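The lines below spell out each chain.
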Amino acid sequence: MRTALRRTVQAGAAGLFVGGVVLLSAGPAAAHVTVSPTVTAAGSYTVLTVSVPHGCDGAGTTKVAIKIPEEIIAVTPTVNTNWSVQKVMADLNPPVKDSHGNEITQRVSEVVYTAKAPLPDGMRDKFELSLKLPDTPGETLVFPSVQTCEKGETAWVQVPATGQNPDDLEHPAPGFKVTEAAKEGDEAAVNANANTALTSAQ
């Protein structure tokens, strides 16, 4: 099962994106770049697994740039020995306060993994990002990703317009929906949040 998202994203030739409307849907399995959260509950800490299942028309993957939604301030990438990793920062205007009252002036806008050696087309790899989800149940978070290869690139940035069939998208942007925070003692809600990963199927 794969889900589509309700948020508009624009991708320029340089790989820039703008957030908007997202639509949820289901469809057949496809070999897309996907994102799978360990937890989807609003306000929770989660680890996202970004999966790259293939190259670009037979060419090996050399870089994967993952855009981070504006609602997310801090991201901790997991080290992958086959890749170098860089956090791209953006200024916050105005600054925000963290849970300890400290002023935060920048956020992580993008995480870029660069291969030490190209990932062959017939191989897959994954990246893990640790972060805190916004306290906005019902919101869909989109992570537009550009996959650069030895020849060419694939921009996984498409989201359906209102009323458009998500199955018509060739390169859907990965993402998932934030769910309600589980109340204390609500075992069913806890299990639902732990098992919900609304992503494009791999």
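The following refers to the structure shown.

### So, the nonpolar core
1) Next: If you look at the biggest cluster of nonpolar residues, it comprises 26 residues, and the most contacted ones within it are Ile66, Ile68, Val75, Leu129 and Phe143.
2) Next: Secondary structure elements with two or more residues in this core: strand 4 (45–52), strand 5 (61–67), strand 8 (103–119) and strand 9 (125–132).
3) Next: Top element by residues in this core is strand 8. It accounts for 5 residues.

### Considering the state of the cysteines
1) Next: In this structure the tally under the stated criterion is 1 disulfide.
2) Next: Residue Cys56 pairs covalently with Cys149 via a disulfide, S to S 2.0 Å. Classification of the bridge connecting Cys56 and Cys149 rests on its S-S torsion, roughly 65 degrees, and on that basis the disulfide is right-handed. You can see Cys56 sitting in the loop between strand 4 and strand 5 and its partner Cys149 sitting in strand 11 (residues 145–149), a full 93 residues away along the chain.
3) Next: When its relative accessible area of 5% is taken as the criterion, Cys56 is described as buried.

### Overview of the sheet that holds strand 8
1) Next: On the basis of which strands lie adjacent, the open sheet formed by 5 strands has the order 7-8-5-11-12 and antiparallel pairing. Two strands in the sheet have a free side with no partner beyond their single neighbour: strand 7 (83–97) and strand 12 (153–156). Looking at each pair of strands side by side, their axes are set apart by 15 degrees on average, direction ignored.

### A look at the environment of Val111
1) Next: Mapped onto the secondary structure, Val111 falls in strand 8.
2) Next: In the structure, Val111 is positioned 24 residues away from Lys87 in sequence and 4.7 Å away in space, judged by C-alpha atoms.

### Section: the pairing of strand 9
Within a regular beta strand, the side chains point alternately toward one face of the sheet and then the other, so they alternate between its two faces.
1) Next: Of the two faces of strand 9, the one holding Asp125, Phe127, Leu129 and Leu131 is buried and the one holding Lys126, Glu128, Ser130 and Lys132 is not buried anywhere.
2) Next: Bridge analysis of strand 4 against strand 9 gives 8 bridges, and the strand direction is antiparallel. Pairing of Val47 across the sheet is with Ser130, part of strand 9.
3) Next: By the bridge criterion, 3 bridges tie strand 6 (residues 75–77) to strand 9 in an arrangement that is antiparallel. Pairing of Pro77 across the sheet is with Leu129, part of strand 9.

### A few points about the sheet that holds strand 6
1) Next: An order of 3-4-9-6 is seen for the 4 strands of this open sheet, with the pairing classed as antiparallel. In this open sheet, the two strands that pair with only one neighbour each are strand 3 (34–37) and strand 6. Direction aside, neighbouring strands of the sheet carry axes that sit 25 degrees apart on average.

### Re the packing of aromatic side chains
1) Next: Tallied over the entire structure, the rule returns 3 aromatic pairs.
2) Next: Seen in terms of ring centroids, Tyr113 and Phe127 are 4.1 Å apart; in terms of plane orientation they differ by 15 degrees. Their pairing is stacked. With Tyr113 in strand 8 and Phe127 in strand 9, this pair connects stretches of sequence that are 14 residues apart. For the pair Tyr113 and Phe127, one class covers both residues: buried.
3) Next: Counting every residue linked through ring pairs, the aromatic cluster contains Trp83, Tyr113 and Phe127.

### Concerning the side chain of Thr40
1) Next: As for its placement among the helices and strands, Thr40 is situated in the loop between strand 3 and strand 4.
2) Next: Engagement of the side chain of Thr40 in a polar contact is seen with the side chain of Thr179, the distance being 2.9 Å.

Calculation criteria
Residues numbered from 1 in each chain as written. Predicted model: local features only at pLDDT ≥ 70, side-chain atom pairs only at ≥ 80, totals over all residues. Heavy atoms only, no water. Core = buried A, V, L, I, M, F, W, Y, C linked by side-chain atoms within 4.5 Å. Buried < 20%, exposed > 50% of the residue type's maximum accessible area, 1.4 Å probe, protein only. Helix = DSSP H or I, 4+ residues; strand = E, 2+ residues; numbered from the N terminus. Disulfide = S-S within 2.5 Å. Pairing = 2+ DSSP bridges. Axes fitted to C-alpha atoms, helices over the stretch in contact; angles between N-to-C directions. Phe/Tyr/Trp six-rings, centres within 6.5 Å; stacked < 30°, edge-to-face > 60°. Polar contact = N/O pair within 3.5 Å; in protein donor to acceptor, adjacent residues only side chain to side chain.

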